[in-house]
Structure formats: C-alpha cells, structure tokens
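Overview (structure and organization)
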Protein chains: 2
Amino acid sequence: MTTRLPKKSDMDHLSDWTRPLGKKLDQALSTYLSDQHTSKTLQKAMNYSLSAGGKRIRPMLGFATAKALREDIDLMMPVACAIEMIHTYSLIHDDLPAMDDDDLRRGKATNHKVFGEACAILAGDALLTLAFSILSQASWNIQSEKKLAIISHLSQASGAKGMVAGQVLDMESENQSLNEIQLETIHRNKTAQLLSASVMCAALCFDPTPEQYAALEVYGRELGLAFQIADDILDETASTEELGKPSGSDQKKHKSTYPSVFGLETSKQKAQQCLEKALTAIDIFQENAQQLRALASYIIERKK
Amino acid sequence: MTTRLPKKSDMDHLSDWTRPLGKKLDQALSTYLSDQHTSKTLQKAMNYSLSAGGKRIRPMLGFATAKALREDIDLMMPVACAIEMIHTYSLIHDDLPAMDDDDLRRGKATNHKVFGEACAILAGDALLTLAFSILSQASWNIQSEKKLAIISHLSQASGAKGMVAGQVLDMESENQSLNEIQLETIHRNKTAQLLSASVMCAALCFDPTPEQYAALEVYGRELGLAFQIADDILDETASTEELGKPSGSDQKKHKSTYPSVFGLETSKQKAQQCLEKALTAIDIFQENAQQLRALASYIIERKK
C-alpha cells in the first residue's frame, strides 16, 4: 500500500472545512459557558481564554476523525468542547508566574495578567472540571459505556500519567541536558497524549473496527510527537509576532529541545518521519482521511 | 415524628466506627496513587497532602450514608476516594501564595512550601483529574448510568456552579460587608456543595427511594451550611495550635463571616438550627442513621 500524501488541493480546502466547524464549536463552547452563571468574574475569566482565538487543532482532529469514520460530527461535539477546555485550562496554569511566567498568549495578555493570579488558577480549575461535567451529561445521546470510556481515556491522558506529569518532567529538565529517550518521554506526556486523545476520544464516540482503532492510535501518537517537535523548532525560528507568544523561551530557560539536542535539520527530519508514519497508518481510510492528512501536514508546516 | 438526637453512646462509638474505615480509605487512596508513576516528584506532592492527616469528614459522610441505606460500604469506596482527592486539591490551591497564602495546614507545612508553587499547582490539577479517572474506571462494579450520575453531580458541585464559584465569590467579598443572603450563597458554594455531594454521590451508588433521596438532600444541605458556620466560629475562637492552621485569618482579610455579621451567639444558634433540620430529615432511617447523626453532631461540636 502506498501512502497517500496530502495533495495541494486538500490543504487549500482545509480552511473551507474548518471555518464553519470552528463557528459551530464556538457556539457550543459559548452555550456551555453561559450555563455557568454563579460568578460573573469566573465566567468572564473562563471565557477570556476559551475564546482567545486558539488554533482549535484538537477539536479539528476530532472532527476529522469522525469524518474518516464517516460518522456524524455533531454527535462528538461534547468531546471537542471538553478537550478544548482541558487544553485551555493547561495553558492558563502554564502561563502563571509560578510556572512559565508568560505575559502573552495568542497575541493577547495572559489570563492572570487580566484577572489576577488567584482568579486565573480558579478559572483553570473550573474549565478542567466543566470538561468532565460535559462528558457525563445525561442529555448527550451516546451510550453510557462510551461516555465512560471517553472520560477514562481523557482523564488519564491529561492527568498524572499524561499531560500534568509531562509538565512536571519538563520543569525538572530545566538546566539539564537530556538524551533522546528522556526528551521524547517529556514530549509524549506534555503534548502528544492530549493530541492523541483528541483523535481517540472522537473514535470512542463511534464503533471503529479494531483495525481502524489501531490505525488512529498510530496516527495520534506520531502526530502528537511531530507537533511538539514542530513547536520546539518554531520556538527557535519564529518571531514573537509570528507566534503570538514570546519566542526563544526554551533557550532562555535552558530547556532541552529537539533543536538543542539534534540540531535544526535533524529535528525537521524527525518531525517529517513522524508525519510519514502518521500518514501511512491512515491509508486504510482512503479518501475519507483527507482532513486527517491535511491537518497532519498543517501541524508540521504551520508558522505559529 | 420526633427527631432522634444523637445519644452520648453514638458519639462514643463514632471513632470506633471511623477508625477501621479510615484505614481502609487510606489503603485505597494509596493504591490509586501508586499507580500514578510517571513523575516521582508529582506523586510525592500528591501523596503529601492526601496523607496529611485530614479529618476525612467527606468520606465518612459517604460511608454513613451507605450505612443508613443498609448498603455495602466497599462498593462506594471509589466515591469516597474521589471526593477526598477533590477536597485535597482544593486545599492545595487555596493555600497558594496567590490565594490565601497559608504556610500551615493540618499542622504541617503547606504543599507549596515543601514542593514549590509550580509543583503544588500541578499536584492539585492531577488530584482533580485523578478523581474523574477513578469514577470512570471500568473495573468498578456498579452500573454505568450510576457512575455517570456521580461524575455529573460531583463535577457540578465542585466546579463553576459550586466550590470554585464559592472561592471566587469569597475572594471578591474581602473588605466588603455582606448581608445574610450573600454570605449564605458563598458558604453554600464554597463548602456546603461538596459536603452535600459526599452524601448524595454515596446515595447514587445504590437505589434509594425518592423519599430517602429527598431526606439525604436536606441532611447534606443543612449539614454543609452548619459545617461552614462552625468553621467561621472556630476561626474566631480556636487557637492556631488547635486548628493546625492559622486562626483569625478571616478577620485579618476583613472577610464577612457568620460571627462578624451576626455575632458569636446568634451564629451558634444558626448552626444549631441547621443541625436540627439535618437530624429531623433523617428520622426516616431510624436506627440505621446512627452514624449520620453522630457525624452531624461532631461537625458542629468539633474543636478543629
């Protein structure tokens, strides 16, 4: 079987496909938030970061997975919203003075710069909690077992065995020189697990065959790692204006990154290798994987 | 129907009943934590606060609810662990310099004092996430619909419509004088909702009659408010040594409390009124509510 590389036309069509879905997602996120009316300040702080113009890569990966499985995208909207909330909470906490101490995110002042540290911590906590509320809601019309499998998968990918562990390992790695295995362990936990969960939790809404499930697992895993390598490269090569957040921050913190360990060219090759593995895995979906392919290419080639 | 007040013998027997259950709970918490092995530092920080010798009131309320319903306590152990994890995460975040900035909790240095702020934030995040992992685990032998009802109830009680909202409202109330309704809204959200969830989520593991469910709702609600009033009173009357955390901290922050709004005597009466409502509600369980009664009295009469 030969790997179907994304065609130029696929890439051109990607934004035509993501634009209306992004609007649907924003609408759904806004509906969930407007139901959280106990504290206006808290609601504002949650909404500020959730609607700060992120790339929405994780929800789009979920939608593209539904498309590859020829399933209804609307049915998995709660998954897309929950994962975007978890991603957003992680950014809010990440930017805190005690963590990365960043003033700028997506070209805007970070949450704690606008609402204060205490409120930013609580807004993050509330977004994380709301994600699990959404996934457990009785009105969501999929089987209970599927909801539980999704909650279980997502909580593991984002907790002490996944994203949060990655953050701690990443902090501990400052001023240390890492080998490839250590670096990959951090990247897989810090970023790749939640990206992969965007694909797998979407799949869990439906009934993929074991072969489809395994293919999506490889795709998610390789894509996740490629994303973080691309992020490391961008941190070194792009400007603060392009990124919408301070560039060169890894170097300032003496963090080991793919470019610092392997050099820029080898890092680019490694990202490319991950991309190819991801693309080969989803060959079985043929034409239905058009969006998954285009997103994978976008993730490697993006400029921010 | 006359309310059965807790007898002196019930109170004497309470610790005989809670001691072995506390050991079982510690064992279960420790098993869940030992499975989170990705980062040793993170695991240590999570374990530090989780095993810091809390009163375990929330798990015990859950166990007592199972007892009132004449059901198996072991079956609801995941609920007890999840709620204690959520309670512990809220304390870790609450103590942070950006929040209450407390150095002492349960007579020990607070989490961020030992592990640093960044790690404390992440340990809290990981405990919150782990709670939902535990409640969604496939190996827990109760119906899927019950697990989802519990996740839904608990996430709402602890999120932007519950505990987290209460924290934000509480912060905003510093240096403001509140009326009774505003004060009660804060207390119900900040403390009462999670205490009440300890009762209701335990009940959701089983099949209470609508009458039993409604009785437990009143018990949980009144007890939750009584707990926070008692906390306000203790903050004013107990010493730092007795509390294991700094006393008089509400006054220092110019927070409105029950004693500051109503005076000490009226506050005590209000707590007593809540206690009586709670006790009356559970009359229907007759002798099976012995532990629920003793816990309610303990909550009002405790010295820390």
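Residues numbered from 1 in each chain as written. Chains lettered and ligands numbered in written order. Predicted model: local features only at pLDDT ≥ 70, side-chain atom pairs only at ≥ 80, totals over all residues.

Another aspect to go through is the overall build of chain A. Scanning chain A from terminus to terminus reveals 15 helices and two strands. Against the compact-globule benchmark of 19 Å for 304 residues, chain A has a radius of gyration of 19 Å, which places it among compact chains. Principal axes of the C-alpha set define a box for chain A whose edges measure 50 × 50 × 35 Å. Counting across all 304 residues of chain A, residues that qualify as buried make up 53%. At a minimum sequence separation of 6, the contacts of chain A that also span at least 24 residues come to 74%. (Helix = DSSP H or I, 4+ residues; strand = E, 2+ residues; numbered from the N terminus. Rg over C-alpha atoms; globule rule 2.2 N^0.38 Å. Buried ≥ 20, exposed ≤ 12 C-beta atoms within 10 Å, placed from the backbone. Contact = placed C-beta atoms within 7 Å.)

Before going further, it helps to spend a moment on the relation of the copies chain A and chain B. Between the two chain copies there is a screw-like relation: a rotation about an axis and a shift along it. Relative to chain B, chain A is turned by 180° and slid 0.0 Å along the rotation axis, the superposed coordinates differing by an RMSD of 0.0 Å. Expressed as an axis order, the relation between the two copies is that of a two-fold axis. Ranked by how close their C-alpha atoms come to the rotation axis, the residues of chain A are headed by A:Ser144, at 3.0 Å. In this assembly the copies share their binding face: 100% of the residues contributing to the interface of chain A also contribute to that of chain B. (Least-squares fit on C-alpha atoms with pLDDT ≥ 70 in both.)

Residues and elements named next belong to chain B. The first and last C-alpha atoms of helix 3 (residues 57-68) sit 16 Å apart over twelve residues, in line with the 16 Å expected at 1.5 Å per residue. Summarising burial for helix 3: ten of the twelve residues are buried, a large majority. Of the residues flanking the end of helix 3, it is Arg70, one or two places downstream, whose phi is positive at about 55°. (Expected span 1.5 Å × (residues − 1).)

Moving on, we come to the interface of chain A and chain B. Every contact between the two is made by 45 residues of chain A and, on the other side, 45 residues of chain B. Residue contributions to the side of chain A that touches chain B peak at 13 residues, all from helix 6 (residues 117-136) of chain A. Split into classes, the residues belonging to the side of chain A that touches chain B amount to 22 nonpolar, 17 polar and six charged. (Nonpolar A, V, L, I, M, F, W, Y, C, P; charged D, E, K, R; others polar.)

Ranked by internal contacts, the top residues of the largest apolar core, which has 192 residues, are A:Ala123, A:Ala226, B:Ala123 and B:Ala226. What A:Ala123 contacts, discounting residues up to four positions off in sequence, is A:Leu42, A:Ala45, A:Met46, A:Ser49, A:Ile92, A:Asn111 and A:Phe115. (Core = buried A, V, L, I, M, F, W, Y, C linked by C-beta atoms within 7 Å.)

For the rest of this paragraph, the subject is the packing of helix 7 (residues 144-158) of chain B against helix 9 (residues 180-204) of chain B. Residues and elements named next belong to chain B. Close contact between helix 7 and helix 9 brings their axes to 9 Å; oriented N to C, the two are set at 175°. The angle between helix 7 and helix 9 falls in the class roughly antiparallel. When helix 7 is examined against helix 9, the residues Lys146, Ala149, Ile150, His153, Leu154, Ala157 and Ser158 are found in contact with a partner set consisting of Gln193, Leu194, Ser196, Ala197, Met200, Cys201 and Leu204. Grouping the constituent residues of the contact of helix 7 with helix 9 by class yields nine nonpolar, four polar and one charged. (Axes fitted to C-alpha atoms, helices over the stretch in contact; angles between N-to-C directions. Parallel < 35°, antiparallel > 145°, perpendicular 65-115°, else oblique.)

Within the element layout of this structure, B:Ala238 appears in the loop between helix 10 (210-237) and helix 11 (240-243). Placed 140 residues apart in sequence, B:Ala238 and B:Ala98 show a C-alpha to C-alpha distance of 25 Å.

Once that is clear, we can look at the environment of A:Gly107. All names here are of chain A. Residue placement: Gly107 occurs in the loop between strand 1 (104-105) and strand 2 (108-109). By C-beta crowding, Gly107 is classed as partly exposed, having 13 other C-beta atoms within 10 Å. Sequence separation between Gly107 and Gly53 is 54 residues; the distance between their C-alpha atoms is 9.1 Å.

So, about the environment of B:Gly62. All names here are of chain B. With respect to the helices and strands, Gly62 occurs in helix 3. Take Gly62: there are 30 C-beta atoms within 10 Å of it, and that puts it in the buried class. For the pair formed by Gly62 and Thr209, sequence separation is 147 residues and the distance between their alpha carbons is 17 Å. When near neighbours in sequence (up to four residues on either side) are disregarded, Gly62 contacts Met76, Val79, Ala80, Ile83, Ser198, Val199, Cys201 and Ala202.

If you look at helix 9 of chain B, its biggest bend is around 50°, right at B:Ala192. The buried fraction of helix 9 of chain B is high, at 19 of 25 residues. (Bend = angle between axes of the 7 residues up to and from the residue.)

With that settled, consider the confidence of the model for chain A. Across chain A, the average pLDDT comes to 92, with 94% of residues at or above 70. Interface predicted TM-score (ipTM) for the complex: 0.94; the corresponding pTM is 0.95. (pLDDT = per-residue confidence, 0-100.)

Phi is positive for A:Asn175, which is not a glycine, with a value near 65°. Checked against the element boundaries, A:Asn175 lands in the loop between helix 8 (163-172) and helix 9 (180-204). Not every positive phi belongs to a glycine, and B:Arg106 is a case in point at roughly 55°. Tracing the backbone through its elements, the reader meets B:Arg106 in the loop between strand 1 (104-105) and strand 2 (108-109).

Quick look at the packing of helix 14 (residues 264-281) of chain A against helix 15 (residues 290-301) of chain A now. Residue and element names in this part refer to chain A. Between helix 14 and helix 15, whose axes approach to 10 Å, the crossing angle comes to 175°. The orientation of helix 14 relative to helix 15 falls into the category roughly antiparallel. Contact residues: helix 14 offers Ala271, Gln272, Leu275, Ala278 and Leu279, while helix 15 offers Arg293, Ala296 and Ile300. Its residues assigned to classes, the contact of helix 14 with helix 15 shows six nonpolar, one polar and one charged.

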